[in-house]
Each structure stands twice: as C-alpha cells, then as structure tokens.
Amino acid sequence: MMKPTFSLNRHLVQRLGFAGLTVMAFLTVLPIVAVVVYIVVQGAPAISWEFLSGFPRGGMREGGILPAIIGTLYLTIGTAIFSVPLGIAAAIYLSEYAADTPLTRTIRIAIINLAGIPSVVYGLFGLGLFVLFLRFGTSILAASLTLSIMTLPVIISTAEEALRSVPQAFRTVSISLGATRWQTIRRIVLKEALPGIITGVILGLERAAGETAPILFTGAAFFLPRLPGSPFDATMALPYHLFVISTQVPEMPIQIQYGTALVLLVFVLTMNVIATFIRSRARAKRQW
Amino acid sequence: MNKIVIENLSLQYSDGTESLRNVSMEIPANAITVLFGPAGGGKSTLLRCLNRLNDLADVEVVDGKVIIDGENILDPKTDVIALRRKVGMVFARPVVLPMSIRANLTYGLELAGEKRRSKLDEAVERSLKLAAIWDEVKDRLDDPAIALSGGQQQRLCLARALALQPEIILLDEPTSGLDPLSTGKVEAALQELKKDYTIILVPHSVQQAGRTADYAAFFLQGELVEYGEGSVIFTAPKDKRTEDYITGRFG
Amino acid sequence: MEKSLNWREFVITRAIKASGYSAIVFVLLIFVFLMREGLPALGEVEAGNLLSIRWYPIEEMFGILPLITGSIIVTIGAALIAVPFGIGTAVFISEIAPRWVREILKPLVELLGGLPSVVLGFLGILVLSPFLRVFLDLPTGLTAFTGSLLLGGIAVPTVVSVAEDALDAVPRAYREGAWALGATRWQTIWRVTLPAARSGVLTAVMLGIGRAIGETMTVMMVTGNAPVLALKLGSLFSPVRTMTATIAAEMGEVANGSTHYHVLFFIGIVLFLISLGVNIAASSVVFRAKKRAERILS
C-alpha cells in the first residue's frame with residue numbers, strides 16, 4: 001500500500017514540476033510576443049504613405065524605403081521562381097518515385113546538410129559561383145539563386161511530408177483504374193497535398209525574405225536612388241537596409257529604424273500567418 | 001470458355017512474406033470464382049497479379065504465365081494501362097477518391113480520353129445501376145463521395161470499376177467492413193453481374209465463399225490445394241486440409 | 001494520343017528524377033566552390049599565422065583561433081539557454097498543455113523561427129545591450145553574452161519543434177503502461193517518455209547548436225566585433241567576434257582573389273565542415289524513420 005504522505009509528496013513534486021515547465025514555456029513565448037508588440041508600437045508612428053512609397057533622401061535619414069520594399073519583393077519572387085518548381089519536383093521524386101536505396105539516403109543526407117549550412121556560407125557560395133564564376137555580378141539574379149538553394153531544403157521536406165500524408169490507398173485505386181503514375185500524382189496526390197505544399201513554400205520564402213547574410217555579397221545594394229531595372233541590377237532589400245541603417249549610418253533617426261523593422265516584420269509575419277491559416281483550414285476540410 | 005489461364009505462377013516478395021508457389025488454374029468467364037483460405041495464403045497476391053497491381057509492390061521474382069484472352073499479361077511488353085481498364089478491381093476497404101460521386105465514376109474514363117459529357121453521364125447511370133446504388137445517389141451525384149455510408153461507398157467503388165466497362169472484376173474481401181444488409185446488396189449485385197462479367201472474389205468468410213461460389217479455389221500458404229465447382233468443394237472436398245478449413249478446424 | 005501521353009509522361013518523369021538529385025548536386029557545388037576560393041589560403045598564409053591568436057588582416061595577421069573561440073563561447077552560451085528552454089517548452093507542449101494552449105504556443109514558437117535575425121540584432125543593439133550594460137554594470141553591452149541570449153532565442157524554435165516531434169512519436173501505450181503502474185504524469189515524463197524519445201531530443205539539441213553556430217547577422221550586430229581569444233568564463237561578458245560575423249563584416253571590403261579573400265573563404269570551409277559534421281551526426285539518429293513507419297501502418 002502506498003502511504004498517503006508519500007503520495008502527497010509525489011503529487012506536490014508533479015505540481016511544482018508542471019508549474020516550472022509552464023513558466024519555462026511562458027518565458028520562451030513571452031519575448032516573441034514582446035518583440036512583435038514593441039516593434040509595432042515603436043514603428044507605427046513612422047509609417048506613412050510617404051515612408052512606404054518614397055525614396056530615401058538625405059543620406060537615408062529622411063524619406064521612404066520603397067526601393068527596399070520592392071527589392072525584397074523581387075528577391076522573394078525570384079527565389080520562388082527557382083526554388084518552388086525544383087523543390088516540389090524533388091519532393092515528388094522522394095515521395096513517389098524513390099525506393100529506399102543508398103542513393104536516396106544520400107539525397108536525404110544532402111537535404112539535411114543543405115538545411116544546416118550557415119546562411120553566410122550560402123553567401124560565400126553565391127559570390128563564388130553566381131557573382132564571379134558565372135559573371136552574373138552583384139545582382140537580383142545572383143541573390144535570388146543563392147536564396148533559392150538555401151530555401152530548397154525547407155520546401156522539399158515540407159512538401160514531401162505533405163505528399164506522404166496522402167493515403168497510399170488513393171494511389172493504388174487510381175492506378176487500378178488505369179491511371180499512369182504521373183496522372184495519379186497530378187490528379188490525386190498533388191491536389192490533396194496542395195495546402196501542405198503551399199504552407200511549406202510560404203514558410204520557406206518567409207525565411208528567404210528575412211535573410212540578410214546570403215545577399216550581402218550577392219545582390220544587396222547599400223543605397224539605390226532608383227528601382228532596379230533588370231535581374232542583373234543590384235537591389236536594396238528590407239533586411240539589409242535595416243542592418244545598414246542600424247549599424248552603418250551615424251545619427252540615423254530612430255523612428256525610421258523602427259519603421260523599417262516594422263515593415264520587414266509585417267512582410268514576414270503576413271506570410272507566416274497566411275501559411276498557418278492555409279494549413280489549419282486544410283486540416284479542417286480534409287476528407288481523410 | 002476459359003477467360004484466364006494461369007500456368008505455373010510463382011511469386012516472391014523481397015521480404016519473403018507472402019508468396020505463390022507454382023499455381024496453375026483456369027478461370028471461366030461469366031461465373032464467380034472464389035479464392036479462399038486462411039490469411040497469408042496468397043489470394044490477394046494472385047488477385048493483384050491479374051491486373052499487374054503487384055508492379056507497385058516490392059516483388060522479387062515472378063515466374064510462370066497469366067494468360068488473359070490468349071495473351072500473357074506478365075510479358076513486360078504488355079500495355080498495363082489497357083490491362084487495368086479491362087480488369088477492374090474493388091478493394092477490401094471502400095476507398096472513395098476525395099471528389100464528388102460523379103467524379104469518382106468518370107475518373108477512369110476521363111483518363112482514358114473520354115471527354116463527351118453524354119458518354120460520361122451514360123456511364124455514370126449505367127454503372128450505378130449495375131452496382132445497385134443508383135436510386136440511393138441519383139439526386140446527389142455532385143456531393144462529396146465521402147459523405148456516403150460505408151456500404152454505399154463500397155458499391156460506389158464497384159460502380160467505379162464497372163464504369164470502365166471491364167471484362168473481368170477482381171474483388172478483394174469487398175464486404176469485410178460492411179454490415180450484413182450491405183453485404184447482401186453487394187452479393188446480389190455480383191449475382192447479376194456475372195451474366196456479363198468474369199468475377200473473381202476473395203471472400204471475407206467461408207460462409208460467403210459457400211454462398212457465392214460457382215467455382216472455388218482453396219489456397220494454403222501460397223499453394224493451390226484444391227480447385228473445382230463450388231458445389232463440390234463445399235460439400236465433398238477431396239483434400240483433408242480443405243475439409244478441415246471448411247468445417248472450421250483451423251483458420 | 002496515347003503516344004503523346006507516353007512521351008509527356010517520360011519527359012516529366014525524367015525531369016522529376018533529375019530534380020530529385022539536385023540536393024546532392026548543390027551540396028557538392030557548395031563544397032567545390034568553397035574549396036576553389038578557400039584552399040589557396042593555405043598556400044598564401046603560413047600555418048603558424050593561420051593558427052595564431054591575432055586576427056588583424058590589414059597587417060597580414062590571419063589567426064583564426066580568436067574567431068573560433070568566439071563562435072564557441074557564443075554558441076555554448078546560446079546552448080545553455082536554448083536546450084533547457086527548448087526541451088522544457090517541448091515537454092510542456094506535448095505532454096502537459098491543454099489542447100487550446102498548444103494551438104496557441106505552437107504557431108508562436110514557429111513565428112519566432114520566422115523572425116528575421118536582423119530584427120533581433122536590431123533590438124539587441126537598441127534595447128537589450130543598453131539594458132545589460134546598466135544591469136550587469138559592464139563597460140559595453142555588446143558582448144558574447146548578449147549574442148548568446150539572442151542566439152538562444154533563435155535556436156529555441158529548432159529545438160522545440162524537433163524535440164516535440166520526438167516526444168509525439170513515443171507510442172501512447174508507453175505512457176499508459178507507466179500510469180497503470182501508478183506513476184504520476186510527472187514521473188512518466190522523466191522516466192518513460194523522455195528516455196524513449198532521447199535520440200530525437202539529442203537530434204534536437206544538435207540541430208539547435210548547429211543553428212546557433214551558423215547564425216550571422218545577430219551576432220555580428222551585438223557581440224562587439226572584437227577578435228580576441230575567448231578562453232575564460234569571463235570572456236562571456238566581453239566583446240568577441242565569431243567566424244560568421246567576420247565573413248559577413250569583411251567580405252564586402254576585400255579585393256576578390258586577395259589573401260584576405262581566400263582566408264575568409266577558408267573560414268567558410270571550416271563552418272561548412274562543422275555544419276556537415278553536426279548534421280550528419282544528427283541525421284544518423286533513427287527516430288524519423290520510425291515515425292514514418294508508424295504513419296504507413298496507421
């Protein structure tokens with residue numbers, strides 16, 4: 001028989017333990033909320049139509065940040081153009097075609113390693129391959145390609161997860177009805193996995209949009225008095241711009257710094273919220 | 001008239017789980033042929049050989065011949081897509097595709113290149129009637145198929161296979177998850193269908209085997225033990241093992 | 001029609017297979033280009049110089065030891081924060097929190113993973129480092145410790161999500177078995193669930209550390225950028241400089257093909273090899289495969 005005191009102790013320990021973990025989780029999450037709220041509060045006064053649609057003036061200490069916003073948009077789109085088709089195709093290969101061979105395992109290890117390579121090393125690689133070797137110069141093209149390769153593992157692994165979660169039985173039935181493998185993938189598997197894939201793509205692009213290190217030497221411009229005219233132009237970008245105005249420009253008005261941080265945050269968080277929304281809606285609507 | 005001739009068919013999975021050993025049998029048209037026996041005996045494997053669905057599985061060795069209408073379908077040159085249109089299949093669990101009832105039925109036809117709306121509508125009505133479910137769903141063809149009950153879903157699956165106008169229908173324990181009433185409806189539909197189709201059924205119980213079989217084949221551990229007319233097998237089996245199984249001594 | 005279908009199918013299948021191999025190609029390309037630009041450093045700089053404790057490129061002093069120790073001390077600091085908080089939060093989310101709390105916490109942690117590191121660095125400069133300078137009475141708030149705090153925050157989402165996956169993968173029957181034997185939920189967590197998920201939790205820790213070593217912008221902005229050897233615990237509260245920050249800060253200013261340029265690429269090789277080691281070690285852990293198998297069975 002268990003003695004009541006002993007049992008009381010055990011439950012006391014449990015209650016203390018649970019309380020401790022609750023506090024820990026709270027402490028983990030609180031700073032995130034605090035960061036977002038703080039930047040919104042500090043940055044909101046800086047937001048105006050002129051700030052969003054104007055060019056920087058007076059050594060970037062006045063005016064707007066339009067070239068940085070547009071630049072980040074270009075880089076995000078450029079990244080998507082390369083990484084989305086390639087990433088989804090690679091995910092389809094891993095989920096639908098690849099058998100468990102040493103080659104497949106090598107591919108998986110390669111993906112895990114791509115995901116772990118420091119972002120600044122991607123920057124070096126982009127400089128070596130795209131900027132110098134392929135002579136793209138410091139350009140949107142070189143930066144987008146660099147960001148694409150960095151984003152690829154995120155897209156591949158989330159898309160593969162989404163494809164694999166489609167029940168195997170759908171594939172068998174489709175094949176038994178005379179569909180080819182590709183018809184089955186296109187008409188059934190991809191259709192069902194689409195929300196999951198889109199979620200993964202957005203989360204991957206969200207990371208790319210917020211990155212600075214990979215574009216430092218591949219495509220980011222310190223200051224540009226106009227919008228980039230072609231993929232071979234360098235561009236301003238929100239994260240790099242925030243870095244520049246918070247470390248490289250003396251006597252920078254604090255409002256512009258917070259305003260820029262807020263715009264970057266909104267850009268990135270909007271993508272995050274959209275991705276979360278798509279995922280939860282798809283889960284609710286799912287028929288299997 | 002023998003629709004299907006199986007000659008010395010042997011099959012092994014790469015992990016060595018279930019296999020077939022040297023199976024030979026002839027399956028007649030316009031009848032229900034039942035493949036029965038304890039689990040793991042090779043019934044499903046044999047079924048999946050007939051439409052080459054085993055291509056998807058981890059099969060190590062296939063040996064022997066499966067001849068349908070005079071052609072060995074195990075030949076690598078076989079057009080498996082055409083084969084699968086000719087040999088329809090219904091699975092143990094009703095798996096409706098995540099789309100409307102109508103789209104489930106037209107899926108195979110559209111893949112085959114049929115675009116004409118009138119033909120598709122015709123096929124929908126015909127196959128639903130054959131599967132004895134037309135009256136239940138005719139007013140809600142555009143509802144999601146998943147909304148149907150389990151028994152209705154399974155008859156929809158049967159209709160989906162029939163929509164392609166196959167010649168042979170394979171059924172792998174099609175009523176294992178169904179209530180007796182739904183089971184009865186499926187079995188009744190099969191009795192009607194055998195007038196025009198070659199039906200091969202893996203039943204989910206000996207009782208169902210006895211009820212439905214025109215011909216019956218008893219499989220044990222990958223071997224065809226006994227094969228003959230249903231009325232003979234279930235009343236006077238020649239092999240001791242068949243008798244033991246039928247009388248419930250094992251399995 | 002059949003013919004064109006077959007042809008299309010053939011082309012698409014080929015394209016998909018080729019894409020499948022792309023990850024390997026990219027890893028190799030990255031390795032090759034780092035080598036190509038970084039290995040010349042070994043010919044241009046003597047080993048004694050490279051392994052010295054002075055990083056002062058203007059005078060051709062390329063000692064990378066201070067940068068390595070800088071990275072190590074910041075990463076250790078970050079790990080001391082990210083590991084307990086990450087695992088604690090993962091346990092809370094997967095074992096204790098009611099459903100609605102979980103539904104709020106998970107997206108929030110994910111959101112932290114998506115916060116641009118430059119934003120955290122920015123707040124580090126404006127808010128955290130002035131606060132730490134006053135609070136800890138330091139000559140400057142831009143220290144390794146500041147970097148560790150922020151880096152800990154950056155590594156937490158990685159630790160949480162991987163560790164939570166691992167805890168989720170522990171079969172429910174294990175927990176029920178422990179409860180049936182009279183263990184409290186708390187005892188079950190420590191003696192059954194966590195030990196059963198230990199390989200996955202270990203993976204989480206390693207990936208979190210990998211994330212911290214590789215982080216660039218935040219550390220560059222808040223660690224003070226002083227390439228001094230950091231060997232004592234006290235170094236945690238003085239300025240340091242990491243390998244990543246060095247590359248990011250100096251690559252923009254060097255001439256392509258110069259010795260300095262090659263040495264920066266050489267540091268890139270070191271970072272690449274570290275991340276390769278961490279990730280291969282982490283991926284050799286088997287729990288992912290197990291989870292997949294369970295999904296197929298269900």
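See the structure above.
Because the structure is a prediction, the values reported are computed rather than measured. Positions within a chain are numbered from 1, following the residues in the order the chain's sequence is written. Each chain takes a letter, starting from A, and each ligand takes a number, starting from 1, following the order in which they are written. For a predicted model such as this one, the threshold for reporting local features is a pLDDT of at least 70, and the threshold for listing and counting side-chain atom pairs is 80 or more; totals across whole chains, interfaces and linings nevertheless cover every residue.

1. What about the overall build of chain B?
- Going along the chain from the N terminus, every DSSP run of H or I of four or more residues is numbered as a helix, and every run of E of two or more is numbered as a strand. Within chain B one finds 10 helices and 10 strands.
- For 251 residues, the compact-globule estimate of 2.2 N^0.38 gives 18 Å, and chain B sits close to it at 18 Å.
- Along the longest, intermediate and shortest principal axes, the C-alpha atoms of chain B span 55 × 40 × 35 Å.
- The burial tally for chain B puts 45% of its 251 residues in the buried class.
- Considering only contacts within chain B whose residues lie at least 6 apart along the sequence, 70% involve residues at least 24 apart. Radius of gyration here uses only the C-alpha atoms, and the compact-globule reference equals 2.2 Å multiplied by the residue count raised to the power 0.38. Around each residue's C-beta, the other C-beta atoms within 10 Å are counted; 20 or more make the residue buried, 12 or fewer make it exposed, and counts in between make it partly exposed. All C-beta atoms are placed from the backbone. Residues are defined as contacting one another if the C-beta atoms placed from their backbone atoms lie within 7 Å.

2. Let's talk about unusual backbone geometry
- Of note, the phi angle at Gln165 of chain B is positive, near 50°, even though the residue is not glycine.
- Relative to the helices and strands, Gln165 of chain B resides in the loop between helix H6 (150–163) and strand S7 (168–172).
- Given 16 C-beta atoms within 10 Å, Gln165 of chain B falls into the partly exposed group.
- Its identity as a non-glycine residue notwithstanding, Asp137 of chain C has a phi of 55°, on the positive side.

3. Regarding the sheet that holds S7 of chain B
All names here are of chain B.
- Two strands make a pair as long as DSSP finds a minimum of two bridges between them. Spatially, S6-S7-S8-S3-S9-S10 is the arrangement adopted by the 6 strands of the open sheet, whose pairing is mixed. If you trace the sheet from one side to the other, it starts and ends with strand S6 (87–90) and strand S10 (223–229), each paired once. Averaged over all adjacent pairs, the angle separating strand axes in this sheet is 15°, with direction ignored.
- Bridge count for strand S9 (residues 215–220) against S10 is 6 bridges, and the pairing is antiparallel. Bridge assignment links Leu220 to a residue of S10, and that residue is Glu223. To get an axis, a line is fitted to the C-alpha atoms, and for a helix only the part in contact is used. The angle between two axes follows their N-to-C directions and goes from 0 to 180 degrees.

4. With respect to the pairing of strand S4 (residues 59–68) of chain B
Residues and elements named next belong to chain B.
- The sheet contact formed by strand S1 (residues 2–13) and S4 spans 8 bridges and is antiparallel. Across the sheet, the residue bridging to Tyr13 is Val59, located in S4.
- In the sheet, S4 pairs with strand S5 (residues 71–72) via 2 bridges, with the strands oriented antiparallel. Bridging from a neighbouring strand, Ile68 pairs with Glu71 of S5.
- In sequence, S4 turns back onto S5 through a hairpin of 2 residues, with Asp69 there showing a positive phi of about 50°.

5. Quick look at the packing of helix H8 (residues 144–168) of chain C against helix H11 (residues 198–214) of chain C
All names here are of chain C.
- Two elements in contact, H8 and H11, have axes separated by 8 Å at closest approach and are oriented at 155°. In terms of orientation, H8 and H11 fall into the roughly antiparallel class. Considering the relative orientation of H8 and H11, their crossing is right-handed. The segment H8 lies against H11, with Leu151, Ile154, Ala155, Thr158, Val159, Val162, Ala163, Asp165 and Ala166 engaging Gly200, Val201, Thr203, Ala204, Val205, Leu207, Gly208, Arg211 and Ala212. In what follows, roughly perpendicular refers to angles from 65 to 115 degrees, roughly parallel to angles under 35, roughly antiparallel to angles over 145, and oblique to any angle outside these ranges. By convention the crossing between two helices is left-handed if the near helix lies anticlockwise of the far one by an angle smaller than a right angle, and right-handed if it lies clockwise.

6. Examining the environment of Thr22 of chain A
Residue and element names in this part refer to chain A.
- By the secondary structure assignment, Thr22 is in helix H1 (residues 4–43).
- According to the C-beta neighbour criterion, Thr22 is partly exposed, with 16 such atoms within 10 Å.
- Along the sequence, Thr22 and Gly123 sit 101 residues apart, while their C-alpha atoms lie 39 Å from each other.

7. Considerations on the interface of chain C and chain A
- The interface of chain C with chain A comprises 68 residues on the first partner and 68 residues on the second.
- Sorting elements by how many residues they give to the side of chain C that touches chain A places helix H2 (residues 22–38) of chain C first, with 11 residues.
- Each residue receives one of three labels: charged for Asp, Glu, Lys and Arg, nonpolar for Ala, Val, Leu, Ile, Met, Phe, Trp, Tyr, Cys and Pro, and polar for the others, Gly being one of them. Class assignment of the residues belonging to the side of chain C that touches chain A gives a composition of 44 nonpolar, 19 polar and 5 charged.

8. Description of the nonpolar core
- To define a nonpolar core, we join buried Ala, Val, Leu, Ile, Met, Phe, Trp, Tyr and Cys residues through C-beta atoms within 7 Å and take the resulting set. By size, the foremost hydrophobic cluster in this structure holds 254 residues, and its most contacted members are Ala216 of chain B together with Ala23, Val119, Val159 and Ala163 of chain C.
- A per-element tally of this core places helix H6 (residues 140–164) of chain A first, with 15 residues.
- Once residues within four sequence positions are removed from consideration, Ala23 of chain C is found in contact with Ala90, Ile107, Ala110, Ile111, Leu114, Leu152 and Ile156 of chain A.

9. Re the environment of Phe26 of chain A
- Tracing the chain through its elements places Phe26 of chain A in helix H1.
- Each C-alpha atom of the pair Phe26 of chain A and Gly200 of chain A lies 27 Å from the other, and the pair is 174 residues apart in sequence.

10. Brief notes about the sheet that holds S4 of chain B
Residue and element names in this part refer to chain B.
- Here we have 4 strands laid out as an open sheet, ordered S2-S1-S4-S5, and antiparallel in their pairing. Both outer strands of the open sheet, strand S2 (19–28) and S5, are each paired with one neighbouring strand and no more.
- Its contacts with the sheet place helix H1 (residues 43–50) against S1, S2 and S4, and it is angled at close to 120° to S1.

Fair warning: the whole summary comes from geometry, so function is off the table for now.
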